[in-house]
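Commentary on secondary and tertiary structure
The lines below spell out each chain.
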Amino acid sequence: MPTFLSGLDSSASPVERNRVVTDRVALHYCGMRHWTYIASILARYAFWPALVFAVIMAVVPKPPEIPSLNFGDKLQHMLAFFTLTVLAGSGWRQASWIKLALGLALVGAGIELVQAIPALHRSSDWRDLAADCLAILVALGPVKLFRHFAANARQA
């Protein structure tokens, strides 16, 4: 008896065998070929709370202290925009690279403009925007890899 029918009684009817094979093939198909689809949906749902969190943390007057190994807030900017880029690039697989990068760079620029408001007691720094843009560019690598796997899963 083939291994995909293991665990099935040898006296099982052809209809029962067909059902078992169909169920197992469906599980394999969903598990192996559509993991990128599920990951894409999860990335879309995770992107919006991550974006809101990043923007709020960037504009509140007294954000909580996060230890960053003496790199200042540049590491925090890079981690935030790396995460946002991976989530957006994985969540919206058909979006162009340029639109994705420019949209997130505009978010970074908007954050810096808001931080320039004196009443917020924050400091606007062009190097923060440069860190954001660098993180966006670096994150396009994992996004490209994910999109490659997604394209191959659709073709299989």
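Being a predicted model, the structure only gives us computed values, none of them experimental.

Moving on: the packing of aromatic side chains. Enumeration according to the criterion identifies five aromatic pairs in this entry. On the basis of an interplanar angle of 80° and a centroid distance of 4.9 Å, the ring pair of Phe47 and Trp48 is categorised as edge-to-face. The exposure class assigned to Phe47 is buried, which follows from its relative accessible area of 7%. The class for Trp48 is partly exposed, based on a relative accessible area of 49%. Centre to centre, the rings of Phe47 and Trp92 are 5.5 Å apart; their planes meet at 85°, and the pair counts as edge-to-face. Of this pair, Phe47 sits in helix α2 (residues 35-59) while Trp92 sits in the loop between α3 (74-91) and α4 (97-115), and the two are 45 residues apart along the sequence. Through pairs of rings, three or more aromatic residues link up here, namely Trp35, Phe146 and Phe149.

Here the focus is the side chain of Thr36. Mapped onto the elements, Thr36 comes out in helix α2. Looking at Thr36, the relative accessible area reads 2%, which means it is buried. At 3.5 Å, the side chain of Thr36 forms a polar contact with the side chain of Arg93.

Let's shift gears to the nonpolar core. Counting residues in hydrophobic clusters, the biggest one holds 17 residues, and the most contacted among them are Phe47, Phe81, Leu84, Ala88, Leu100, Leu104 and Ile136. Those elements that provide at least two residues to this core are α2, α3, α4 and α5 (126-155). Apart from residues no more than four positions distant in its own chain, Phe81 is found in contact with Leu104, Val107, Gly108, Ile111, Asp132, Ala135 and Ile136.

Quick look at unusual backbone geometry now. With a phi close to 55°, His121 is a non-glycine residue in the positive phi region. Mapped onto the secondary structure, His121 falls in the loop between α4 and α5.

Interhelical geometry of α2 versus α4 gives an angle of 25° and a closest axis separation of 9 Å. Comparing the axis directions of α2 and α4 gives the class roughly parallel. For the pair α2 and α4, the sense of crossing is right-handed. Packed against α2, whose contacting residues are Phe47, Leu51, Val55, Ala58 and Val59, the element α4 presents Leu104, Val107, Ile111, Val114 and Gln115 at the interface. Of the residues contributing to the contact of α2 with α4, the split by class is nine nonpolar, one polar and no charged.

Moving on: the environment of Leu84. Tracing the sequence through the fold places Leu84 in helix α3. Each C-alpha atom, one on Leu84 and one on Ala46, is 9.1 Å from the other, the two residues being 38 residues apart in sequence.

Calculation criteria
- Residues numbered from 1 in each chain as written.
- Predicted model: local features only at pLDDT ≥ 70, side-chain atom pairs only at ≥ 80, totals over all residues.
- Heavy atoms only, no water.
- Phe/Tyr/Trp six-rings, centres within 6.5 Å; stacked < 30°, edge-to-face > 60°.
- Buried < 20%, exposed > 50% of the residue type's maximum accessible area, 1.4 Å probe, protein only.
- Helix = DSSP H or I, 4+ residues; strand = E, 2+ residues; numbered from the N terminus.
- Polar contact = N/O pair within 3.5 Å; in protein donor to acceptor, adjacent residues only side chain to side chain.
- Core = buried A, V, L, I, M, F, W, Y, C linked by side-chain atoms within 4.5 Å.
- Contact = heavy atoms within 4.5 Å.
- Axes fitted to C-alpha atoms, helices over the stretch in contact; angles between N-to-C directions.
- Parallel < 35°, antiparallel > 145°, perpendicular 65-115°, else oblique.
- Left-handed = near helix turned anticlockwise from the far one by under 90°.
- Nonpolar A, V, L, I, M, F, W, Y, C, P; charged D, E, K, R; others polar.

Shape descriptors only; they carry no functional weight alone.
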